[in-house]
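Chain by chain, the residues run as shown.
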Amino acid sequence: MTWLGDHLGDILGLTVRHIYLAGVPLILGLFIALPLGWLARRHKGLYPILIIGTGLLYTIPSLALFIMLPFLLGTKILDPINVIIAMTIYTVALLVRTVADGLGSVPEEVNQSATAMGYKRVRRFMSVELPLAVPVISAGLRVAAVSNVSIVSVAALIGVEQLGSLFTDGFDRAFLEPIIVGVISCVLLALLFDGAILGLTRLATPWQRARESPS
Amino acid sequence: MINRIFAWLTDGAHWQGYDGIAARLIEHLGYSLSAVLVAALIAIPLGLYIGHTGHGRFLVVNLAGAARAIPSLGLLLLAVLWLGPRFNGDIAFLLPAGLVLVVLAIPPILSGAYAGVEGVDPDARDAAKGMGMGGRQVLRHVELPCALPLIMSGIRAGTMQVIATATIAAVVGLGGLGRFLIDGLAVRDTPQTASGAILVALLALTVDMVLAMVQRLIVSRGLTGRYKRVKTFDPDAGVTSPAPALEHVA
């Protein structure tokens with residue numbers, strides 16, 4: 001395990017880049033999916049269009065998307081922005097349905113009560129519908145986070161450095177240790193993202209904690 | 001650049017021969033379909049069994065989540081580097097790569113089959129038992145048909161995963177459309193790389209659409225409600241035809 005000891009600094013650097021490449025799209029994707037999911041929920045005709053449209057985007061294999069984006073956007077192929085945008089597309093594709101279903105899980109009586117109490121549309125959305133939809137949205141966000149961490153590693157093939165670079169380096173030198181360290185780091189990072197979202201969800205849904213411990 | 005990609009794609013010479021687009025497309029389909037078939041033969045019976053009996057629920061629920069966290073590129077390179085030297089010739093990369101494709105396709109199909117059976121309306125199950133059906137008959141005539149939509153979404157998710165990973169597998173020497181991407185990147189042949197990416201994306205989209213059509217054909221209309229175009233009254237869902245509600249479940 002001397003390789004691991006000698007390269008801790010490098011691995012840390014790659015991990016930070018990996019967090020950046022997988023984490024930023026998660027936040028961007030959530031902010032894009034919220035209005036889209038709201039639209040899908042509000043206008044019935046848009047629901048199948050948005051769900052099928054985003055579903056089609058999700059079927060595009062990651063390596064193909066990483067390579068096609070520079071041509072569509074005019075960016076350089078090595079620019080990490082391509083990876084950020086590709087991961088944002090995948091996140092949006094996963095979350096639009098989750099947001100729409102989450103908003104759909106809010107009981108209609110609650111919405112009507114809020115309206116009766118004088119909540120206008122935007123305020124009702126921000127302070128009633130969205131908080132109540134958090135558990136469903138968070139479940140989707142956890143799936144997106146874990147798969148983002150895993151998919152980002154493919155970007156090593158187009159030369160964008162992150163933990164996936166350990167796979168290609170190890171393979172090129174027929175050396176198992178970097179690959180094993182890379183796989184374990186990726187899995188740990190996915191668990192970290194998952195745990196962080198779980199923690200934030202608990203903070204954002206105090207009523208669920210109250211329900212768990214009725215003391 | 002767009003013109004050069006178009007020129008590359010429409011050049012007849014690029015479509016022929018053992019390393020032409022047509023041959024690579026068939027290879028890609030061949031790897032993907034055989035991996036999904038093997039995975040389905042393992043995962044569907046197992047998922048049905050777990051859903052029907054409830055044994056091993058814990059395993060399935062956690063497996064799907066854990067599998068998502070494992071980076072497919074790392075798993076692939078690890079398998080080839082580790083298992084490869086034990087074999088000679090093409091088997092050295094074909095077998096480990098094929099194994100990884102199957103392993104990656106199992107969790108989504110397994111959880112689809114399990115969730116499908118698990119989600120069957122208990123009333124339907126009771127009614128079947130009340131009609132005198134035994135456990136096997138209930139599984140065969142009630143649970144399996146009712147679980148088909150989720151089994152199919154599992155197969156579709158697994159297939160997409162396999163097509164994407166088979167593309168990456170060109171790195172370890174596998175054929176298929178991934179060759180155009182990996183070789184193109186290696187020699188900086190941009191039109192070839194971009195064309196490969198477009199072809200892979202088109203293949204994935206087409207296969208998913210074909211599977212969606214298969215799903216439409218084999219799922220009972222009693223489940224999708226597609227034969228009754230009557231507008232249902234449901235104050236929460238509003239006035240919609242019930243077709244999209246099926247996808248909703250996944």
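Quick notes on the rules
- Residues numbered from 1 in each chain as written.
- Chains lettered and ligands numbered in written order.
- Predicted model: local features only at pLDDT ≥ 70, side-chain atom pairs only at ≥ 80, totals over all residues.
- Helix = DSSP H or I, 4+ residues; strand = E, 2+ residues; numbered from the N terminus.
- Contact = placed C-beta atoms within 7 Å.
- Buried ≥ 20, exposed ≤ 12 C-beta atoms within 10 Å, placed from the backbone.
- Axes fitted to C-alpha atoms, helices over the stretch in contact; angles between N-to-C directions.
- Parallel < 35°, antiparallel > 145°, perpendicular 65-115°, else oblique.
- Nonpolar A, V, L, I, M, F, W, Y, C, P; charged D, E, K, R; others polar.
- Expected span 1.5 Å × (residues − 1).
- pLDDT = per-residue confidence, 0-100.
- Left-handed = near helix turned anticlockwise from the far one by under 90°.

1. Some remarks on the overall build of chain A
Consideration 1: Summing up its helical and strand segments, chain A has 10 helices and zero strands in all.
Consideration 2: Listed N to C, the secondary structure of chain A is α-α-α-α-α-α-α-α-α-α in terms of helices and strands.
Consideration 3: A principal-axis box enclosing the C-alpha atoms of chain A has dimensions of 65 × 50 × 20 Å.
Consideration 4: Considering only intrachain contacts with a sequence separation of at least 6, the fraction spanning at least 24 residues in chain A is 71%.

2. Quick notes on the overall build of chain B
Consideration 1: Each helix and strand counted, chain B has 11 helices and zero strands in total.
Consideration 2: Going residue by residue from the N terminus, the α and β elements of chain B occur as α-α-α-α-α-α-α-α-α-α-α.
Consideration 3: A buried classification covers 43% of the 250 residues belonging to chain B.

3. Looking at the environment of Val146 of chain A
Consideration 1: Along the chain, the position of Val146 of chain A falls in helix 7 (residues 121-152).
Consideration 2: Val146 of chain A sits 44 residues away from Ala190 of chain A along the chain, and the two C-alpha atoms are 4.9 Å apart.
Consideration 3: Once residues lying within four places of it in the same chain are set aside, the contact partners of Val146 of chain A are Ala190, Phe193 and Asp194 of chain A together with Arg68 and Ala69 of chain B.

4. Side note on the packing of helix 2 (residues 8-42) of chain A against helix 3 (residues 46-59) of chain A
Residue and element names in this part refer to chain A.
Consideration 1: In the contact formed by helix 2 and helix 3, the axes pass within 7 Å of each other and the chain directions differ by 140°. Between helix 2 and helix 3, the angle is such that the two are oblique. Each of Leu36, Leu39 and Ala40 in helix 2 lies in contact with helix 3, whose residues at this interface are Leu46, Tyr47, Leu50 and Ile51.
Consideration 2: Class assignment for the residues of the contact of helix 2 with helix 3 results in seven nonpolar, no polar and no charged.

5. Here we look at the interface of chain B and chain A
Consideration 1: Counting from both sides, the interface comprises 36 residues of chain B and, opposite them, 39 residues of chain A.
Consideration 2: Put simply, the parts of the chain that give the side of chain B that touches chain A at least two residues each are helix 3 (57-69), helix 4 (72-83), helix 7 (135-168), helix 8 (178-186), helix 9 (190-218) and helix 11 (243-249) of chain B.

6. Structural notes on unusual backbone geometry
Consideration 1: Positive phi is not limited to glycine here, since Ala174 of chain A has a value of about 50°.
Consideration 2: Following the sequence through the fold, Ala174 of chain A ends up in the loop between helix 8 (164-172) and helix 9 (176-204).
Consideration 3: In this structure, Arg188 of chain B takes a positive phi of about 55° despite not being glycine.
Consideration 4: Mapped onto the elements of the fold, Arg188 of chain B is located in the loop between helix 8 and helix 9.

7. Here's the deal with helix 4 (residues 62-73) of chain A
Consideration 1: Its 12 residues give helix 4 of chain A an end-to-end C-alpha distance of 16 Å, which sits within 8% of 16 Å, the value for a rise of 1.5 Å per residue.
Consideration 2: Judged by how many residues are buried, helix 4 of chain A sits mostly within the fold: nine of 12 residues are covered.
Consideration 3: Three or more residues of helix 4 of chain A are buried, namely Ser62, Leu63, Ala64, Leu65, Phe66, Ile67, Met68, Leu69 and Pro70 of chain A.
Consideration 4: Contact partners of the buried residues in helix 4 of chain A: helix 5 (80-104) and helix 7 of chain A together with helix 7, helix 8 and helix 9 of chain B.

8. Points about helix 4 of chain B
Consideration 1: The first and last C-alpha atoms of helix 4 of chain B sit 16 Å apart over 12 residues, in line with the 16 Å expected at 1.5 Å per residue.
Consideration 2: Listed in full, the buried residues belonging to helix 4 of chain B are Ser72, Leu73, Gly74, Leu75, Leu76, Leu77, Leu78, Ala79, Val80 and Leu81 of chain B.
Consideration 3: Tucked into the core, helix 4 of chain B has its buried residues touching helix 7, helix 8 and helix 9 of chain A together with helix 5 (91-118) and helix 7 of chain B.

9. Digging into the confidence of the model for chain B
Residues and elements named next belong to chain B.
Consideration 1: Summarising the model, chain B shows a mean pLDDT of 85, and 90% of its residues fall at 70 or more.
Consideration 2: When mean pLDDT is taken per element in chain B, helix 2 (residues 21-53) scores highest with 93 and helix 11 scores lowest with 40.
Consideration 3: The model gives residues 238-250 a pLDDT under 50, and that stretch makes 17 contacts with residues more than four places away or in other chains.
Consideration 4: Our summary of model confidence lists the complex with pTM equal to 0.86 and ipTM equal to 0.88.

10. Some words on the environment of Leu76 of chain B
Residues and elements named next belong to chain B.
Consideration 1: In this structure, Leu76 sits in helix 4.
Consideration 2: For the pair Leu76 and Arg57, spaced 19 residues apart in the sequence, the C-alpha separation amounts to 28 Å.
Consideration 3: In this view, Leu76 contacts Ala97, Val100, Thr165, Ile168, Ala169 and Val172; residues no more than four positions away in its chain are not counted.

11. Things to note about the environment of Pro206 of chain A
Residue and element names in this part refer to chain A.
Consideration 1: Its location among the elements puts Pro206 in helix 10 (residues 206-212).
Consideration 2: Owing to 10 C-beta atoms within 10 Å, Pro206 belongs among the exposed residues under this scheme.
Consideration 3: Spatially, the C-alpha atom of Pro206 lies 22 Å from that of Val143, the residues being 63 residues apart in sequence.

12. Topic: the packing of helix 3 of chain B against helix 5 of chain B
Residue and element names in this part refer to chain B.
Consideration 1: Across the interface, helix 3 lies against helix 5 with an axial gap of 9 Å and an inter-helix angle of 145°. As for how helix 3 packs across helix 5, the hand of that crossing is left-handed. On the side of helix 3, the interface is formed by Val60, Leu63, Ala64 and Ala67, while helix 5 contributes Pro107, Pro108, Leu110, Ser111 and Tyr114.

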